[in-house]
Amino acid sequence: MTSRQYLGLSLVLAALALQPAAARDIASGELLGQNCAACHGTDGREFNEAMPPLAGMETEQFIRAMKDFREGRREGVVMDRIARAYSDAEIEAMAAWFASRPATQYGSEEHE
Amino acid sequence: MSNVSRRAFIKAFGLAAVAGTGLFGASAQAQRRAAAHVVILGGGIGGSTAAKYTRIMNPDVRITLIEQNAAYITCPRSNEVITGHFTLDDLTFDYETIKSRFDVDVIIDRVVGVDPDRREVRTQGGERVSYDRLVVSPGIDFRYEEIEGYTAEVAETRMPHAWKAGPQTLLLKRQLEALPQGGTVLIAPPQNPFRCPPGPYERSSLITEWLAQHNPRAKVLILDPKDRFTKDVPFKKGWERLYGYGTEHSRIEWISGSQGGRVLSVDPERMTVEAENGMHRADLVNIIPPQKAGKLAFDIGLVDQTGWCPVDRATFKSTQLDDIHVIGDSAVCDAMPKSGYSANSHAKLVAHVIRAELSGFDPVVPTWANTCYSLVGSDYGVSISDVFELRDGLIQKVPDSGAVSPVTDNPAQPLLESVYLKNWHRTFVKDVFS
Ligand SMILES: Cc1cc2nc3c(=O)[nH]c(=O)nc-3n(C[C@H](O)[C@H](O)[C@H](O)COP(=O)(O)OP(=O)(O)OC[C@H]3O[C@@H](n4cnc5c(N)ncnc54)[C@H](O)[C@@H]3O)c2cc1C
């Protein structure tokens, strides 16, 4: 094996290790998360009276909130109904994506 | 790097790491000249979202948006223009941010045709724009011919539909203000599928609320070809609570399809409406006609015998013509309602599909969502909210989830939903236009 091939292979393995288990069956966290943007703002970066921002939220906090809504432990206006649509893997994928978004108002600075 | 490891690398570290550019870096601009050209027709809710998200997902492509009007008026919240809570100006948005923040070429011109073989768009102003991928989101058009006596001209003068926000919305407002004391407002929703399924019932509700204050003996009569309508359970509960629905003194009456609510013809001179259950005279007549895909979709050849545009659901690619995606109200989308939220959701999927195809990524696993809030009164909201998945080739609700607002005895629920609606519109238009 040449060093380039070795590098290629290790990148593949590294990439595979980073994939969540059910990655092939569920939509990406990014696409799932972007579907929340119509209420929570682009990248979850709107700070408002009703729908809270999701950008920058700790993953555990996001996962707990979604599962509490889903399992009826937390009352919602609409989120209890919506959360029932998502599997654990989908919730985790969204959590990771929102955690990677900056927790600042959308449009407050131009894109990097 | 071999193809497979390049793909894996991109997955793990993001496209920017491979391309060596930031989202809007200088080298991305230079690369764009040789890059694929994505052309979007229609700068409404679907098309504008497509322009923005295609850029977010594809830093290196060229994007052109062609829209016939210099500004867009949202239908969402236009029912409140009729009752004076908003002006059309409050609901008007332009294309400046899409141009500047997302580096989209915006052409204000009317598209008159597409040559799918040469992959070229023609405009009324004589421009020819070639594309690698076309995204079409032309909204709706009306089947006036299904109601005898009803025409585009009647809609503009005597019996507005106001189903595209604009001059007819204002005509309806003037007619409401001029309604004689104790007069009758007649509203006729269409058969499914149509744009904004809860819209006619929200409009009826808000007009009823306005009349209770300004014209207390007036009545609202809904003539419906259907036996059920979206959110009918919480809507009717709200009507009971706010307008005495179901009692002798109700301010609002709803005639279902099996009670003969289907409208057959209108006489705009006499202001009469003939339904299956007989003749009605009213002082204000709001006919919302049956609908079909936007005219542009017909001109391009994207429509089938249903009057709508069939698409491969996983990609929203036309099944009629290659390299063309159809999104928004014009597209067949099964269990999803024809809403702005749906159009926005379709657009985001297409942005991902375009990236996957242009960059050699794995096919996209689709997901969609829709939440529609409606007002039964200014401080009384109801909603329907669903997440959708691809099952058996069709867009279907994720089982055991979503659904309409529950009817409860908790007065906070409808009040909160009305607060959510107001929050939603402000956030939504930013997700679409900026
Ligand atoms: C009263 C009412 C209330 C509503 N409330 C809500 C709500 O609360 N929530 C919600 O989600 N949805 C709501 N909707 C529905 C929503 O407005 C539509 O579903 C949405 O606009 C569909 O987006 P679209 O891109 O398919 O069409 P549109 O938004 O109509 O955009 C089509 C665009 O294409 C342009 N166009 C057409 N032909 C050409 C051509 N030949 N050349 C150039 N440009 C062209 C048009 O000018 C237009 O800008 C409401 C609708 C109504 C009527």
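Since we're looking at a predicted model, the values are computed, not measured.

Engineer: A description of the overall build of chain B should follow, citing residues and the corresponding values.
Structural biologist: Counting its regular elements, chain B contains 13 helices and 25 strands. Computed over the C-alpha atoms, the radius of gyration of chain B is 23 Å, within 12% of the 22 Å expected from 2.2 N^0.38 for a compact globule of 434 residues. Here the C-alpha coordinates of chain B stretch approximately 75 × 50 × 40 Å along the principal axes. Counting every position in chain B, which comprises 434 residues, the buried fraction comes to 59%. Residue pairs in contact within chain B that sit at least 24 positions apart in sequence constitute 64% of those at least 6 positions apart. About 16900 Å² of surface is accessible on chain B, with carbon and sulfur atoms providing 49% of the total. Charged side chains in chain B number 48 positive and 52 negative. The centres of these two groups are separated by 4 Å.

Engineer: Please set out the packing of helix H4 (residues 45–57) of chain B against helix H12 (residues 340–359) of chain B residue by residue, giving values where relevant.
Structural biologist: Residue and element names in this part refer to chain B. Between H4 and H12, whose axes approach to 8 Å, the crossing angle comes to 30 degrees. When you trace H4 past H12, the crossing you get is right-handed. Along its contact with H4, which presents Ile45, Gly46, Thr49, Ala50, Tyr53, Thr54 and Met57, the element H12 presents Gly340, Ala343, Asn344, Ala347, Lys348, Ala351, His352, Ile354 and Arg355. Considering only residue class, the contact of H4 with H12 consists of eight nonpolar, six polar and two charged.

Engineer: Help me get a handle on the pattern of salt bridges, residues and values and all.
Structural biologist: Residues and elements named next belong to chain A. Per the counting criterion, the structure on display carries 32 salt bridges over all chains. A salt bridge links Asp88 to Arg70; the shortest N-O distance between them is 2.7 Å. Here the residue Asp88 occupies a position in helix H6 (residues 88–99), and Arg70 occupies one in helix H4 (residues 59–70), the gap between them amounting to 18 residues. Taking relative accessible area as the criterion, Asp88 reaches 35% and is therefore assigned partly exposed.

Engineer: Lay out the site of the ligand with the relevant residues and their values.
Structural biologist: All names here are of chain B. Around the ligand there are 31 residues in total, and Gly46, Glu67, Tyr72, Ser137 and Arg195 lie nearest to it. Gly340 places a polar main-chain atom, nitrogen or oxygen, 2.9 Å from a nitrogen atom of the ligand. If the ligand stood free it would expose 1000 Å²; the protein chains cover 93% of that surface. Of all the elements in the fold, those that place two or more residues in the shell around the ligand are H4 and H12. It is H12 that provides the largest number of residues to the shell around the ligand, a total of three residues. When residues of the shell around the ligand are assigned to domains, at least three fall in each of domain 1 (3–141 + 292–433) and domain 2 (147–289).

Engineer: So what's going on with the nonpolar core? Which residues, and what values?
Structural biologist: All names here are of chain B. Core analysis: the largest hydrophobic core is formed by 149 residues, its most contacted members being Leu41, Val121, Trp239 and Phe316. Two domains each provide a minimum of three residues to this core, namely domain 1 (3–141 + 292–433) and domain 2 (147–289). Ignoring any residue separated from it by four or fewer positions in sequence, one finds Trp239 in contact with Tyr201, Ser205, Ile222, Phe229, Gly244, Tyr245, Ile252, Trp254 and Val376.

Engineer: Explain the sheet that holds strand S17 (residues 284–287) of chain B to me, and be specific about the residues and the numbers.
Structural biologist: Residues and elements named next belong to chain B. Pairing within the open sheet is parallel, and its four strands lie in the order S13-S12-S11-S17. The open sheet has two edge strands with one neighbour each: strand S13 (252–255) and S17. Ignoring which end each strand starts from, the neighbouring axes of this sheet average 15 degrees apart. Relative to S17, strand S11 (residues 184–188) runs parallel, the two being bridged by four bridges. Bridging across to S17, Ile187 finds its partner in Asn286.

Engineer: Can you break down the pairing of strand S9 (residues 133–136) of chain B residue by residue, with the values?
Structural biologist: All names here are of chain B. Because side chains alternate across S9, one face comprises the buried residues Arg133 and Val135, and the other comprises Leu134 and Val136, equally buried. Relative to S9, strand S1 (residues 37–41) is paired through four bridges, and the arrangement is parallel. Bridge pairing links Leu41 to Val136 in S9. Pairing of S9 with strand S21 (residues 324–326) involves three bridges; the strand directions are parallel. Of the residues in S21, the one forming a bridge with Val135 is His325.

Engineer: Mind laying out H4(B), listing which residues take part and the relevant values?
Structural biologist: For H4(B), built from 13 residues, the straight-helix expectation of 18 Å at 1.5 Å per residue is met to within 8% by its first-to-last C-alpha distance of 18 Å. Taking burial as the measure, the 13 residues of H4(B) include 13 buried ones, the bulk of the element.

Engineer: Account for the confidence of the model for chain A, with residues named and values stated.
Structural biologist: Chain-level statistics for chain A give a pLDDT mean of 84 and a share of 76% at 70 or above. The low-confidence segment residues 1–24 of chain A (pLDDT under 50) makes 14 contacts with residues lying over four places distant or belonging to another chain.

Quick notes on the rules
Residues numbered from 1 in each chain as written. Chains lettered and ligands numbered in written order. Predicted model: local features only at pLDDT ≥ 70, side-chain atom pairs only at ≥ 80, totals over all residues. Heavy atoms only, no water. Helix = DSSP H or I, 4+ residues; strand = E, 2+ residues; numbered from the N terminus. Rg over C-alpha atoms; globule rule 2.2 N^0.38 Å. Buried < 20%, exposed > 50% of the residue type's maximum accessible area, 1.4 Å probe, protein only. Contact = heavy atoms within 4.5 Å. Areas by Shrake-Rupley, 256 points an atom, 1.4 Å probe, with all protein chains shown as cover. Lys, Arg positive; Asp, Glu negative; His and termini not counted. Charge placed at Lys NZ, Arg CZ, Asp CG, Glu CD. Axes fitted to C-alpha atoms, helices over the stretch in contact; angles between N-to-C directions. Left-handed = near helix turned anticlockwise from the far one by under 90°. Nonpolar A, V, L, I, M, F, W, Y, C, P; charged D, E, K, R; others polar. Salt bridge = Lys/Arg side-chain N within 4 Å of Asp/Glu carboxyl O. Near = heavy atom within 4 Å. Polar contact = N/O pair within 3.5 Å; in protein donor to acceptor, adjacent residues only side chain to side chain. Domains from an automatic or database assignment. Core = buried A, V, L, I, M, F, W, Y, C linked by side-chain atoms within 4.5 Å. Pairing = 2+ DSSP bridges. Expected span 1.5 Å × (residues − 1). pLDDT = per-residue confidence, 0-100.

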